[in-house]
Amino acid sequence: MAAEFAEGRRAGFRVVTIDGPAGAGKSTVARLLADRLGWRFLDTGAMYRAVALAALRAGVDLADALALDRLTADLRVELPPGRVLLGGEDVSRAIRDAAVTQATRFAADCVEVRSRLVAWQRAFAGTADTVTEGRDQGTIVFPDAHRKFFVTAADEHRARRRLAELQSSGAVVDFETVLADQTRRDAQDAARAIAPMKPADDAEVVDTTRLSVDEVVDLLFQKVAARP
Ligand code: DC
């Protein structure tokens, strides 16, 4: 396990959680909010993706929870600003591949993997003020977070954003496929027996459909700043 995570300790650091479905602009907003606050940013989806990539590369049976757990225990995942390293290799692009995205569901549904990643996430946030982004950050991982947001947007809007993202990275896809994929992933994330995606009771739901990225970051920044 990466030393970066193993060192964690709670020392009164603040956590802002940003949960919500794919394509709502969470990652961009969370990263920019962290920059603006001068805090660290934690992309927890990247962790699940790194586990899936490692499993695919190792030829591990994705449905074998024990094998996935063993693999995860030996992984060295580091998240320096803007990058994802797996055993020292920069996999920032590789973890976004369609095959990895599909395989990530197995890591996300695996109780053993989740409990390891939750421990990493808490350790990461135990060493600095952190803006963390995922599905279960406000509900399970940081129930005592300083501020909790659930960022969402209209389905078509999210799918259009995702389509633009995919096309700009050279993928040939159409809107209907992206929308159907998104609907399937949302349903899987929300129906998961363990750590389903849902707003925490004390989270503020932010609909970004009609807002620019800058407007969302401004809004969240004001809300965090209002509660020092
Ligand atoms: O946010 P993302 O698309 O990179 O997340 C990849 C997958 O990991 C997605 O299917 C949801 C899952 N995930 C999760 O179950 N819990 C998290 N905290 C973050 C992501």
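That block above? That's the structure.
Fair warning: this is a prediction, and the values are worked out from it, not measured in the lab.

Caption draft 1: Layout of the packing of aromatic side chains. Taken as a whole and assessed by the stated rule, the structure comprises zero aromatic pairs. Geometry around Phe-221 places Arg-36 over its ring, the cationic atom sitting 4.4 Å from the centre. One Lys or Arg, Arg-40, reaches over the ring of Phe-124 and ends 4.0 Å from the middle of that ring.

Caption draft 2: Up close: the pattern of salt bridges. Taken as a whole and assessed by the stated rule, the structure comprises 20 salt bridges. Of the charged contacts, one joins Arg-36 and Asp-218 as a salt bridge, the two residues approaching to 2.8 Å between their closest N and O atoms. Pair noted here: Arg-36 is in helix 2 (residues 26-37) and Asp-218 is in helix 10 (residues 213-225), with a separation of 182 residues, a long-range link. Taking the relative accessible area as the measure of exposure, Asp-218 reaches 33% and is therefore partly exposed.

Caption draft 3: Examining the site of the ligand more closely. Taken together, 16 residues lie around the ligand, and Arg-49, Arg-114, Arg-135, Asp-136 and Arg-185 are the ones closest in. Thr-44 has a polar side-chain atom sitting 3.0 Å from a nitrogen atom of the ligand. Between the ligand and the protein, one listed contact pairs a nitrogen atom with a side-chain N or O atom of Asp-136 at 2.8 Å. Protein burial of the ligand: of its 450 Å² of free accessible surface, 94% is covered by the chains. Elements supplying a minimum of two residues to the shell around the ligand: helix 3 (44-58), helix 5 (98-109) and helix 9 (175-191). The element best represented in the shell around the ligand is helix 3, accounting for four residues.

Cut-offs applied
- Residues numbered from 1 in each chain as written.
- Predicted model: local features only at pLDDT ≥ 70, side-chain atom pairs only at ≥ 80, totals over all residues.
- Heavy atoms only, no water.
- Phe/Tyr/Trp six-rings, centres within 6.5 Å; stacked < 30°, edge-to-face > 60°.
- Lys NZ or Arg CZ within 6 Å of the ring centre and 35° of its normal.
- Salt bridge = Lys/Arg side-chain N within 4 Å of Asp/Glu carboxyl O.
- Helix = DSSP H or I, 4+ residues; strand = E, 2+ residues; numbered from the N terminus.
- Buried < 20%, exposed > 50% of the residue type's maximum accessible area, 1.4 Å probe, protein only.
- Near = heavy atom within 4 Å.
- Polar contact = N/O pair within 3.5 Å; in protein donor to acceptor, adjacent residues only side chain to side chain.
- Areas by Shrake-Rupley, 256 points an atom, 1.4 Å probe, with all protein chains shown as cover.

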